[in-house]
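# A look at the structure
Letter by letter, the chains look like this.
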Amino acid sequence: MSALTEAEIRALNEALDDEYHAWATYDQVIADFGEMAPFRHIREAEARHIAALHTLFARYGLAVPENPWPGRVPRFGSLTEACAAGVAAEVANAALYDRLLAATERPDILGVFRRLQAASQERHLRAFERCAQGFGGGGGYRWGRGGGRWGGA
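Please read all numbers here as calculations on a predicted model, not as lab measurements.

## A short note on the nonpolar core
In terms of nonpolar packing, the biggest core is built from 23 residues, with L12, L53, L56, Y97, L100, I109 and F113 touching the most fellow members. Contributions of two or more residues to this core are made by α1 (6-33), α2 (39-59), α3 (79-101) and α4 (107-134). The element best represented in this core is α1, accounting for six residues. Once you skip the residues sitting within four places of it in the chain, L56 turns out to touch L12, D108, I109 and V112. Judged by nonpolar contacts, the second largest core, of 18 residues, contains V29, F76, A89 and L125.

Structural data, given as structure tokens:
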């Protein structure tokens, strides 16, 4: 197996950071509001996404960074706000993975990236859309500075 390019390493690190940030954000929502759907289920999915990326890190002999996000994520004033932010985050996630997919031609990395993007778009986004409607509608919360799901933070 040939060594990864710098672009592939950056893409793996960016994907892992985004998944870490998602997990920590949804974990914080649960800490603030309780074991509410869809946050509980999506937090579990994010843990599986992290594990899939960890497998790639191990396969290519990369050191796995620790999750820097617990305690450093947004807090929301209501579940409606958290759900609307989840919608915005999952929409941004599609663009992130579109960009990351262009960084490699390796079938194993492409497969993981495509599965993570599909889960975000086909399941997480829909769950957060239903959640935002169920808790009183959307809202205008924006993550901030361009980039991935979490505004490049």
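## Quick word on the state of the cysteines
Evaluation of the coordinates by the stated rule reveals one disulfide. The disulfide partner of C83 is C131, and the gap between their sulfur atoms is 1.7 Å. With C83 in helix α3 and C131 in helix α4, this residue pair connects regions lying 48 residues apart in the sequence. Here C83 matches C131 in class, with each residue buried.

Quick notes on the rules
Residues numbered from 1 in each chain as written. Predicted model: local features only at pLDDT ≥ 70, side-chain atom pairs only at ≥ 80, totals over all residues. Heavy atoms only, no water. Core = buried A, V, L, I, M, F, W, Y, C linked by side-chain atoms within 4.5 Å. Buried < 20%, exposed > 50% of the residue type's maximum accessible area, 1.4 Å probe, protein only. Helix = DSSP H or I, 4+ residues; strand = E, 2+ residues; numbered from the N terminus. Contact = heavy atoms within 4.5 Å. Disulfide = S-S within 2.5 Å.

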